[in-house]
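The primary structure of each chain is shown beneath.
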Amino acid sequence: MTGALGQWLMSETPMSRRQAILGNAYRAAGTILANPTAFAGLVIVAALVLMAVFAPWLASGKSPLDQDLAGRLAAPSAAHWFGTDELGRDIFARTLYGARVTLTIVLLVSVVVAPIGLAVGTVAGYLGGWFDSVLMRITDIFLAFPRLVLALAFAAALGPGIENAVIAISLTAWPPYARIARSETMTIARSDFIQAVVLQGASTWRILFRHIVPLCLSSVIVRLTLDMAGIILTAAGLGFLGLGAQPPTAEWGAMVSSGRDVILDQWWVATIPGLAIFIVSLGFNLLGDGLRDVFDPKSA
Amino acid sequence: MSSDSTSAAIVQLYRGHLASTVLRRTASFLASLLATFVGLTAITFFISRLTKMDPVLSVVGDKATKAAYDRAYEALGLGQPVFVQYFIYLKRLLSGDFGISHLTAQPVLSDLLRVFPATFELATIATVIGVLVGVPAGVLAAARKGRWPDHMVRVVGLFGYSVPVFWLGLVGLFVFYGKLGWVSGTGRLDVFYDDIVTPHTGVILIDSALDGNWEIFTNAFSHLILPAGILGYYSLAYIARMTRSFMMDQLSQEYVTAARIKGNSYWRAVWRHAFPNIMVPLITVIGLSYASLLEGAVLTETVFAWPGLGLYITHALFNSDMNAVLGGTILVGAVFIGINQFCDLLYRLFDPRLRTS
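Reading the values: rules and limits
- Residues numbered from 1 in each chain as written.
- Chains lettered and ligands numbered in written order.
- Predicted model: local features only at pLDDT ≥ 70, side-chain atom pairs only at ≥ 80, totals over all residues.
- Helix = DSSP H or I, 4+ residues; strand = E, 2+ residues; numbered from the N terminus.
- Contact = placed C-beta atoms within 7 Å.
- Buried ≥ 20, exposed ≤ 12 C-beta atoms within 10 Å, placed from the backbone.
- Axes fitted to C-alpha atoms, helices over the stretch in contact; angles between N-to-C directions.
- Parallel < 35°, antiparallel > 145°, perpendicular 65-115°, else oblique.
- Left-handed = near helix turned anticlockwise from the far one by under 90°.
- Nonpolar A, V, L, I, M, F, W, Y, C, P; charged D, E, K, R; others polar.
- Core = buried A, V, L, I, M, F, W, Y, C linked by C-beta atoms within 7 Å.
- Expected span 1.5 Å × (residues − 1).
- Arc of directions from axis to C-beta.
- pLDDT = per-residue confidence, 0-100.

What follows covers the overall build of chain B. Scanning chain B from terminus to terminus reveals 14 helices and zero strands. Of the contacts formed within chain B by residues at least 6 apart in sequence, a portion of 71% connects residues at least 24 apart.

Dropping the structure here:
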């Protein structure tokens, strides 16, 4: 059975579009699994997703919000694996639930940033001329800015909160995607198959969205994975400064911040959520490095 | 026609060409600098319009009469079309008027000039650490590709790209200050040394050395070394990674083999033949890392209560002091853009391959 399926997937002459897509996915998955760093990254990211999904079950019913002032700042023990914070909340449960916030921010930023970057980049690259100059000038201006400080100023103006943190990060994170999409588009636009579609009378929008955007997607996704760590660190930084998720939501950056005053006596309060940020960023960096090796062997 | 006069003509032509290229480069550099500055101010202007705070109330207070409110409304130009308001804003900025900070009741500009030396001190020492360690490490990694120095640089780089700077600062304080007692805690000086140093430059290490006060110098150094070391780590992770990839490009070229065949030792070929060729891109990388340190200091300064630009901006943030936040953003942005563009200019001027396009 496996043999037949494997042969069907690895076939050099796919009989249907579905077979070609599945075959390509199968081959890419094989390459990623064979690359130890990418595999380690994949495991960490998968663990993050599982943690977020199964947080209530993994925390075995402990709430991330329930306070227990009598048992505040307790050291790690069998009852509280990672100890408790300054309000007696279980840090293990809060760290698990914190994965949800981190995942939400990362997903929302990707959903906002990738389409903006793709739209700006492909339009600039395909239409060229005047459009290109103006759009790329704007992109350059955004690229020349300090990201964190600009995100800080945006978050301060919009008011603290997860949604505003996402908007602030997105506003400062889209330019590199526009650059990548543009350079990809400029190579694709010159190929024969685009000329063929033009001759068949396809509209500019159809060419952009049905023919060019799908081909730019893989580089954008690789770049997005490499950027995830940066997004997580910026989000955690905003949270640490009090501009991200608001209390009592369990957010890793804010948790580190709350442990700041007691770092010398109760090290676990700040150390454990920070470790979570570090491990997850590391996971995305490893996965991104691996994906880049797979999809873009030139830059390795 | 003698060959002498031909070559003289060519040299003449080349000089003229070079002069015009430099002129054109400088002009395009100034144009892009101007465009970026307009962009920066447009964005900060946009942010200042985005806030839910009423700019009039922040001037007159919430107990003002209707008449006073209207006068202030007119004086601030809020009745004018948006782009006119933007020009008013730009004119004020160019005359150095960033508004008054509500928090310190001082002009934002003088506040910024007061806090900037602290950030400058931190970022400069960090960059020195980054260059002194990062460049040799990167060269070594490239020369020993696939062996342990290469793996070390890769691990150090991955760690640096993944670890949150504010957390590393806290853990550093816990270990080196709390447990080992090797360094001093937060701030720039111990409390009882405060306000003793005469501010010549605002950089305490220089000021105390100028006064010959080595006790304060040592104390300032023990406060500086941990935050500067942590920022320096980020800088060296980036510089080492970039140096490695630049050196790999050079070492794979034939002139290195030629240098070896002529009888040079391997390390002489690496340092005397290949290394000078990466100087220009390397300077750009160092400049970029320096610029990002001036920015990245925001979180580090918060953790170490370091009274610099970053701490000033965060303090202002929490007290809804928008003038101070935007002033700080513009200063950081201007420094960032300035360093970026300067490196770009260096690159274009010194790399002959980029002159033609």
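All right, on to the overall build of chain A then. The helix and strand tally for chain A stands at 13 helices and zero strands. Its helices and strands in sequence order give chain A the pattern α-α-α-α-α-α-α-α-α-α-α-α-α, from N to C terminus. In chain A, which comprises 300 residues, the share counted as buried stands at 44%.

Attention shifts here to the packing of helix H7 (residues 165-179) of chain B against helix H9 (residues 214-251) of chain B. The relative placement of two packed helices comes down to the angle between their axes together with the axis-to-axis distance. Residues and elements named next belong to chain B. In the contact formed by H7 and H9, the axes pass within 10 Å of each other and the chain directions differ by 135°. With respect to H9, the axis of H7 lies oblique. Both H7 and H9 take part in a crossing whose hand is right-handed. Touching Val165, Leu168, Gly169, Gly172 and Phe176 of H7 are Leu226, Pro227, Ile230 and Tyr234, all from H9.

Our next topic: the interface of chain A and chain B. Listed per partner, the contact involves 34 residues of chain A and 36 residues of chain B. Among the elements that line the side of chain A that touches chain B, the one with the most residues is helix H7 (residues 147-158) of chain A, at nine residues. Looking at the side of chain A that touches chain B residue by residue, the classes come out as 26 nonpolar, six polar and two charged.

Ranked by internal contacts, the top residues of the largest apolar core, which has 169 residues, are Leu152(A), Ala153(A) and Ile232(A). Setting aside residues no more than four positions away along its own chain, Ile232(A) makes contact with Thr102(A), Val106(A), Ile277(A), Val280(A), Ser281(A) and Phe284(A).

Moving on to the environment of Trp271(B). All names here are of chain B. Here tryptophan 271 lies in helix H11 (residues 266-274). Assessed through the 14 C-beta atoms surrounding it within 10 Å, tryptophan 271 is described here as partly exposed. Considered as a pair, tryptophan 271 and proline 136 are 135 residues apart in the sequence and their alpha carbons are 9.9 Å apart.

Now for helix H6 (residues 129-143) of chain A. Residue and element names in this part refer to chain A. For H6, which comprises 15 residues, the first-to-last C-alpha distance of 21 Å matches the rise-based estimate of 21 Å (1.5 Å per residue) to within 8%. Of all the positions in H6, only Thr139, Ile141 and Phe142 are classed as buried. Along H6, the residues classed as buried sweep out an arc of 160° about the axis, all on the same side. Across H6 from its buried face, at more than 90 degrees, point the exposed residues Gly129, Trp130 and Ser133.

Okay, the environment of Trp182(B) next. Tracing the backbone through its elements, the reader meets Trp182(B) in the loop between H7 and helix H8 (204-211). Distance from Trp182(B) to Leu226(B), taken between C-alpha atoms, is 9.7 Å for residues 44 residues apart in sequence.

This part covers helix H4 (residues 82-94) of chain B. For H4(B), which comprises 13 residues, the first-to-last C-alpha distance of 18 Å matches the rise-based estimate of 18 Å (1.5 Å per residue) to within 8%. Looking one or two residues past H4(B), Gly96(B) carries a phi angle of roughly 80°, positive in sign.

Once that is clear, we can look at the packing of helix H3 (residues 36-53) of chain A against helix H13 (residues 268-295) of chain A. Residue and element names in this part refer to chain A. It is the contact of H3 with H13, at a shortest axis distance of 7 Å, that shows an interaxial angle of 135°. With respect to H13, the axis of H3 lies oblique. The two elements H3 and H13 cross, and the hand of that crossing is left-handed. Judged by residue contacts, Thr37, Ala38, Ala40, Gly41, Leu42, Ile44, Val45 and Leu48 of H3 engage Ile279, Val280, Leu282, Gly283, Phe284, Leu286, Leu287, Asp289, Gly290 and Leu291 from H13. Taken together, the residues that form the contact of H3 with H13 break down as 13 nonpolar, four polar and one charged.

A few words on unusual backbone geometry. Residue and element names in this part refer to chain B. Positive phi is not limited to glycine here, since alanine 105 has a value of about 60°. Residue placement: alanine 105 occurs in the loop between H4 and helix H5 (108-143). One non-glycine residue, alanine 305, lies in positive phi territory at about 45°. Among the structural elements, alanine 305 can be located in the loop between helix H12 (279-303) and helix H13 (309-318).

On to the confidence of the model for chain B. When pLDDT is averaged across chain B, the result is 81; 88% of the residues are at 70 or more. Quick note on the complex model: pTM equals 0.82, ipTM equals 0.81.

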